[in-house]
Amino acid sequence: MSILVDADTRVLVQGITGNQGSFHARLILDYGSNVVAGVVPGRGGQSVHDVPVFDTVEEAVDRTQPNCGIIFVPAFAAPDAILEQAAANIPLIVCITEGIPVIDMIPVCHRVKAAGSRLIGPNCPGVIAPAHKVKVGILPGQMHMPGPVGVVSRSGTLTYEVVQSLSASGLGQSTCVGIGGDPIIGTSFIDVVDMFERDPSTEAIVVIGEIGGTDEEQCAEHIAANVSKPVLAFIAGRTAPPEKRMGHAGAIVSGGSGTATEKIEAFERAGVRVAAIPDEIAAAVRSTIS
């Protein structure tokens with residue numbers, strides 16, 4: 001099993017004719033995902049990689065019945081793209097786009113939730129389920145392998161580093177989820193950790209966090225009260241200076257809060273082992289499930 005995506009996932013790619021959309025649609029197809037439609041206004045009737053392109057999401061849903069959409073459109077158009085998918089009742093929406101203003105994402109997240117859809121992102125690498133050979137995003141499929149470890153992360157590149165280490169140690173993944181590094185995102189650490197807790201194919205959970213905000217602290221409290229499976233963590237940004245954004249829009253220590261130390265201490269209070277460097281995670285996971 002897995003969470004969020006599986007062998008029945010039917011993918012719609014919004015922005016499929018653009019450079020990034022076309023490039024990653026090809027990789028998504030090559031990995032094994034079932035891409036059933038693309039959407040680009042004014043390009044209806046064309047095809048990309050033998051995938052039919054439609055002018056609107058509504059038309060694509062009516063003709064091909066996707067149950068998951070991924071968005072590769074510029075930041076100025078991404079909020080409307082998310083809302084168009086939610087209005088068409090697509091249950092899972094993955095937004096790769098970065099640079100969307102926070103003020104735009106606040107109402108978008110509320111409207112997506114009201115529509116009954118789930119948003120992953122924005123500014124995220126997406127989701128991959130190795131056992132089903134399904135990915136909806138930009139995660140490099142070649143480093144993933146099926147197994148019992150669920151991974152949830154705010155950082156794409158840290159996800160790749162940790163997954164590479166896990167796979168090299170013979171520890172495959174049930175699902176990997178990149179929730180995104182922006183201040184306002186559609187799905188939280190807690191949401192994904194709860195899914196892993198209920199997933200019988202996940203035996204251990206890896207949480208990869210970073211400085212900024214309080215999501216990790218809230219997740220730690222939730223784990224202490226609600227999660228029975230072993231959880232391992234890594235927090236990036238131990239040496240980050242205050243008031244300076246480090247990479248992601250949400251990765252900033254502001255007003256003395258959101259520091260790596262605070263997050264590490266919160267996880268340790270919850271009984272979660274925190275790795276000092278990413279390469280320590282594989283050995284820590286091995287010790288919990290062997």
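Refer to the structure above for everything that follows.
One structure accompanies this document, and this report is about it. (Residues numbered from 1 in each chain as written. Predicted model: local features only at pLDDT ≥ 70, side-chain atom pairs only at ≥ 80, totals over all residues. Heavy atoms only, no water.)

**With respect to the overall build of the protein chain**
Convention followed: The helix and strand labels rest on DSSP assignments: H or I over at least four residues marks a helix, E over at least two residues marks a strand, and numbering proceeds from the N terminus. Based on C-alpha atoms, the radius of gyration is set beside the globule rule, defined as 2.2 Å times the residue count to the power 0.38. Only protein chains enter the area calculation, which uses a 1.4 Å probe; residues under 20% of their type maximum are buried, those over 50% are exposed, and those in between are partly exposed. Contact definition: two residues touch when any of their heavy atoms are within 4.5 Å.
Along its length, the protein chain carries nine helices and 14 strands. Taking 290 residues into account, the globule formula puts the C-alpha radius of gyration at 19 Å, and the protein chain, at 18 Å, falls close to it. When the backbone C-alpha atoms are referred to their principal axes, the protein chain occupies close to 55 × 40 × 30 Å. By the burial criterion, 56% of the 290 residues in the protein chain qualify as buried. Residue pairs at least 24 apart in sequence account for 72% of intrachain contacts in the protein chain once pairs closer than 6 positions are excluded.

**Observations regarding helix 7 (residues 215-226)**
The condition is simple: Given a helix with a known number of residues, its expected span is that number minus one, times 1.5 Å.
With twelve residues, helix 7 ought to run about 16 Å at 1.5 Å a step, and its terminal C-alpha atoms sit 16 Å apart, in line with that. Within helix 7 the residues assigned to the buried category are Glu216, Glu217, Cys219, Ala220, His222 and Ile223. Looking at the packing, one finds that the buried side of helix 7 touches helix 6 (189-198), strand 12 (204-210), strand 13 (231-236) and helix 8 (260-269).

**Quick word on the sheet that holds strand 14 (residues 273-275)**
Under the convention used in this document: Whether two strands pair comes down to DSSP finding at least two bridges between them. Note on geometry: axes are C-alpha line fits, over the in-contact stretch for helices, and angles between N-to-C directions span 0 to 180 degrees.
Read from one edge of the open sheet, seven strands run 9-8-11-10-12-13-14, paired in mixed fashion. Strands at the two margins of the open sheet, each flanked by one partner only, are strand 9 (134-137) and strand 14. The average undirected angle you get between the axes of adjacent strands in this sheet is 20 degrees. Two elements, strand 10 (residues 146-153) and strand 11 (residues 173-178), share six bridges in a ladder whose sense is parallel. Its bridge partner being in strand 11, Ser153 is matched across the sheet by Gly178.

**Some remarks on the nonpolar core**
To be explicit about the condition: Remark: nonpolar core denotes a set of buried residues (Ala, Val, Leu, Ile, Met, Phe, Trp, Tyr, Cys) joined through side-chain atoms within 4.5 Å.
In this structure, Ile70 and Phe267 are the most contacted members of the largest nonpolar core, which totals 51 residues. Examining the composition of this core, we find that five residues originate from one element, helix 6, more than from any other. Excluding residues that lie within four positions of it along the chain, Ile70 makes contacts with Val11, Leu12, Val13, Gln14, Ile28, Gln85, Val94, Ile96, Val136 and Gly137. Counting residues in hydrophobic clusters, the runner-up holds 25 residues, among them Ala60, Ala78, Ile82 and Ile100.

**Digging into the packing of helix 7 against helix 8**
Heads up, the rule is: Comment on the angle field: the value is read as roughly parallel under 35 degrees, roughly antiparallel over 145, roughly perpendicular from 65 to 115, and oblique elsewhere. Classification convention: Asp, Glu, Lys, Arg as charged; Ala, Val, Leu, Ile, Met, Phe, Trp, Tyr, Cys, Pro as nonpolar; all other residues, Gly among them, as polar.
Following both chains from N to C, one finds helix 7 and helix 8 inclined at 5 degrees, their axes separated by 8 Å at the closest point. In terms of orientation, helix 7 lies roughly parallel with respect to helix 8. Taking contact as the criterion, the partners of Asp215, Glu216, Glu217, Ala220 and Ile223 in helix 7 are, on helix 8, Glu262, Lys263, Ala266 and Phe267. Within the contact of helix 7 with helix 8, the residues separate by chemical class into four nonpolar, no polar and five charged.

**Structural notes on the pattern of salt bridges**
The line we're drawing: A side-chain nitrogen of Lys or Arg and a carboxyl oxygen of Asp or Glu constitute a salt bridge if their distance falls within 4 Å.
Summed over the entire model, instances satisfying the criterion amount to seven salt bridges. Arg63 is paired through a salt bridge with Glu59; the nearest N and O atoms lie 3.8 Å apart. You can see Arg63 and its partner Glu59 sitting in helix 2 (residues 57-64), four residues apart, about one turn around the helix. Residue Arg63 is classed as exposed on the basis of its relative accessible area of 54%. Accessibility expressed as a relative area gives 31% for Glu59, which makes it partly exposed. With its nearest N and O atoms 2.7 Å apart, the salt bridge here joins Arg154 to Glu216. Remark: Glu216 occurs in helix 7 and Arg154 occurs in the loop between strand 10 and helix 5 (156-168); sequence separation between them is 62 residues. Glu216 shares its class with Arg154; the two are buried. One salt-bridge network, held together by shared partners, links Arg154, Glu210, Glu216, Glu217 and Lys263.

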